[in-house]
Amino acid sequence: MPDEVKPNVNEAPTHDAQLAADSIASGEEKAPTVDFDADYAAAQQFSVSEIDRTSEGSAAAEVATAPKQTISKTQEVKTQAQPTGKPEDYADLAKEVRGSQTEGVTNVSDDLVKKALEKGERKN
């Protein structure tokens, strides 16, 4: 079922499009029609080449997409850290987790909490 194109002069992006919209609106030119179903059916014919419709095309596609190198199978390896019970083993990890000097203050003291509570009570 063809649909009629209804151009809007105010939405035309170029001067030529505005002139074409004016011509259609005044009746000087006939509005174009678009048959979406027919266009879609025609596009489907072009989406597959003639050779792809044969067994020869299927074989050619398989050869073209075949891997060029052999792929080895992966082996699952399970690793498990053995607990040592030595605090020095964790010293480097603790240094990393502790935080750097450029980060905000991370130490919260009792005095700091007390000041925060006092400020909160004043606002209420």
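As a starting point, this report considers the structure included with it. Here the structure is a predicted model, which is why all the values come from computation and not from measurement.

### Considering the overall build of the chain
When its secondary structure is counted, the chain shows five helices and two strands. Sequence-ordered secondary structure for the chain, helices as α and strands as β, is β-α-β-α-α-α-α. The contacts in the chain between residues at least 6 apart in sequence include a share of 52% that link residues at least 24 apart. Roughly 12000 Å² of accessible area belongs to the chain as shown, and the carbon and sulfur atoms make up 53% of that amount.

### Quick notes on a nonpolar patch on the surface
A grouping of V108, L112, V113 and L117 is seen on the molecular surface, where their side chains present a nonpolar patch of about 370 Å² in accessible area. Residue position: L117 is located in helix α5 (residues 110-123). In this structure L117 comes out as exposed when scored by relative accessible area, which is 55%.

### Topic: the environment of S23
With respect to the secondary-structure elements, S23 resides in helix α1 (residues 15-26). Overall, S23 belongs to the buried group, its relative accessible area being 14%. S23 sits 14 residues away from V9 along the chain, and the two C-alpha atoms are 9.8 Å apart. If we ignore the near neighbours within four places in the chain, the residues touching S23 are E28 and E29.

### Points about α1
If you check α1, its first and last C-alpha atoms are 16 Å apart, about what 12 residues at 1.5 Å a residue would give, namely 16 Å. In the stretch just after α1, G27 is the one whose phi turns positive, near 95 degrees.

### Section: the environment of A20
Tracing the chain through its elements places A20 in helix α1. Distance in space between the C-alpha atoms of A20 and V9 is 8.5 Å, their sequence separation being 11 residues.

Scoring rules and cut-offs
Residues numbered from 1 in each chain as written. Predicted model: local features only at pLDDT ≥ 70, side-chain atom pairs only at ≥ 80, totals over all residues. Heavy atoms only, no water. Helix = DSSP H or I, 4+ residues; strand = E, 2+ residues; numbered from the N terminus. Contact = heavy atoms within 4.5 Å. Areas by Shrake-Rupley, 256 points an atom, 1.4 Å probe, with all protein chains shown as cover. Patch = residues over 30% accessible without salt bridge, like charges linked within 9 Å, V, L, I, M, F, W, Y side chains within 5 Å. Salt bridge = Lys/Arg side-chain N within 4 Å of Asp/Glu carboxyl O. Buried < 20%, exposed > 50% of the residue type's maximum accessible area, 1.4 Å probe, protein only. Expected span 1.5 Å × (residues − 1).

Everything listed here is a matter of geometry and, on its own, says nothing about what the molecule does.
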